Amino acid sequence: MKVSREELMAAARAAASQAYAPYSKFHVGAALAFADGTVVSGANVENVSYGLSLCAETVAAGKAMNEGRRGGLVAVAVSGPETHAITPCGRCRQVLGELAMLDGSDPLVWCDGPEGVREFRLSQLLPEAFSGL
């Protein structure tokens, strides 16, 4: 992998500073690393109608897909407020799974928290993922 864990976590933390979270005040950033060294980041975008809000991971995955990325996902970093351990929600796990399954990858997922960064594989967070492919 061309991007280190520290670099990807820094990108997720920087993305969190761009979050639009006027309701929850819970700023989350995500950064996706691809095999070619590209990093795509995103931040959560809230909406007064909570169901229409977008998580940081979904924003980053949408940006990546919009840029033509179809696979090659090697790592994901997620960062939120320093007081909370954070992992992608179920919806985001499935969205990331869609991007990963396009080439059969099982990316690392690094999650920020008050006790440091925890490491998972996406398959650990989303066992038996739904796949229509």
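Anything mentioned here points back to the structure above.
In this text, all values refer to a predicted model and were calculated from it rather than measured experimentally. (Residues numbered from 1 in each chain as written. Predicted model: local features only at pLDDT ≥ 70, side-chain atom pairs only at ≥ 80, totals over all residues. Heavy atoms only, no water.)

Student: I tried to follow the pattern of salt bridges on my own but got confused; where do I start?
Tutor: Opposite charge on two side chains lets them pair, provided their charged atoms get close. Considering all chains together, one arrives at two salt bridges under this definition. The salt bridge involving D112 is made with R13; its shortest N-O contact spans 2.8 Å. With D112 in the loop between strand 4 (108–111) and strand 5 (118–121) and R13 in helix 1 (residues 5–16), this pair connects stretches of sequence that are 99 residues apart. A residue is classified by how much of its surface remains accessible, and D112, at 10% relative accessible area, is buried. Among the residues examined, R13 registers a relative accessible area of 42% and is labelled partly exposed. A salt bridge links R69 to D36, with the shortest nitrogen-to-oxygen separation between them at 3.2 Å. Of this pair, R69 sits in the loop between helix 2 (56–66) and strand 3 (73–79) while D36 sits in the loop between strand 1 (29–34) and strand 2 (39–43); the two residues are 33 residues apart in sequence, bridging distant segments of the chain. A residue is classified by how much of its surface remains accessible, and R69, at 18% relative accessible area, is buried. Residue classification places D36 among the partly exposed residues on the basis of a relative accessible area of 44%. (Salt bridge = Lys/Arg side-chain N within 4 Å of Asp/Glu carboxyl O. Helix = DSSP H or I, 4+ residues; strand = E, 2+ residues; numbered from the N terminus. Buried < 20%, exposed > 50% of the residue type's maximum accessible area, 1.4 Å probe, protein only.)

Student: Whenever I open this one, the nonpolar core confuses me. Can you help?
Tutor: One finds L32, F34, A64, L73, V76, L99 and V109 to be the most contacted residues of the largest nonpolar core, which totals 21 residues. Of all elements in the fold, only strand 1, helix 2, strand 3, helix 3 (90–101), strand 4 and helix 4 (122–125) reach the threshold of two or more residues within this core. Looking at which element gives the most residues to this core, the answer is helix 2, with four residues. Those residues in contact with L32 that lie beyond four places of it in its chain are L8, T38, V39, V40, A60, A61, A64, L73, A75, V76, L96 and L99. Core analysis: the next-biggest nonpolar cluster, separate from the first, contains 10 residues, V3, A31, A77 and L108 among them. (Core = buried A, V, L, I, M, F, W, Y, C linked by side-chain atoms within 4.5 Å. Contact = heavy atoms within 4.5 Å.)

Student: Just to check I follow, could you spell out a nonpolar patch on the surface for this structure?
Tutor: Together, Y20, Y23, V45, V48, Y50 and L54 line one region of the surface with nonpolar side chains, adding up to about 590 Å² of accessible area. Relative to the helices and strands, Y23 resides in the loop between helix 1 and strand 1. Taking the relative accessible area as the measure of exposure, Y23 reaches 37% and is therefore partly exposed. (Patch = residues over 30% accessible without salt bridge, like charges linked within 9 Å, V, L, I, M, F, W, Y side chains within 5 Å. Areas by Shrake-Rupley, 256 points an atom, 1.4 Å probe, with all protein chains shown as cover.)

Student: Whenever I open this one, the packing of aromatic side chains confuses me. Can you help?
Tutor: Any aromatic ring pair is given by two values, namely how distant the centres are and how the planes are angled relative to each other. Within this structure, the stated rule accounts for one aromatic pair. Taking 6.2 Å as the distance between ring centres and 70 degrees as the angle between the ring planes, the aromatic pair formed by Y23 and Y50 counts as edge-to-face. Of this pair, Y23 sits in the loop between helix 1 and strand 1 while Y50 sits in the loop between strand 2 and helix 2; the two residues are 27 residues apart in sequence, bridging distant segments of the chain. Directly above the aromatic system of F34 lies the positively charged group of R69, at a separation of 4.8 Å from the ring centroid. (Phe/Tyr/Trp six-rings, centres within 6.5 Å; stacked < 30°, edge-to-face > 60°. Lys NZ or Arg CZ within 6 Å of the ring centre and 35° of its normal.)

Student: Would you mind going over helix 2 with me for this structure?
Tutor: An α-helical turn contains 3.6 residues, so a residue and the one three or four places further along point in the same direction. Residues A56, E57, T58, V59, A60, A61 and A64 constitute the buried set of helix 2. Residues of helix 2 that are buried sit in contact with strand 1, strand 2, strand 3 and helix 3. At the C-terminal side of helix 2, G68 shows a positive phi close to 95 degrees.

Geometric values such as these leave the question of function open.
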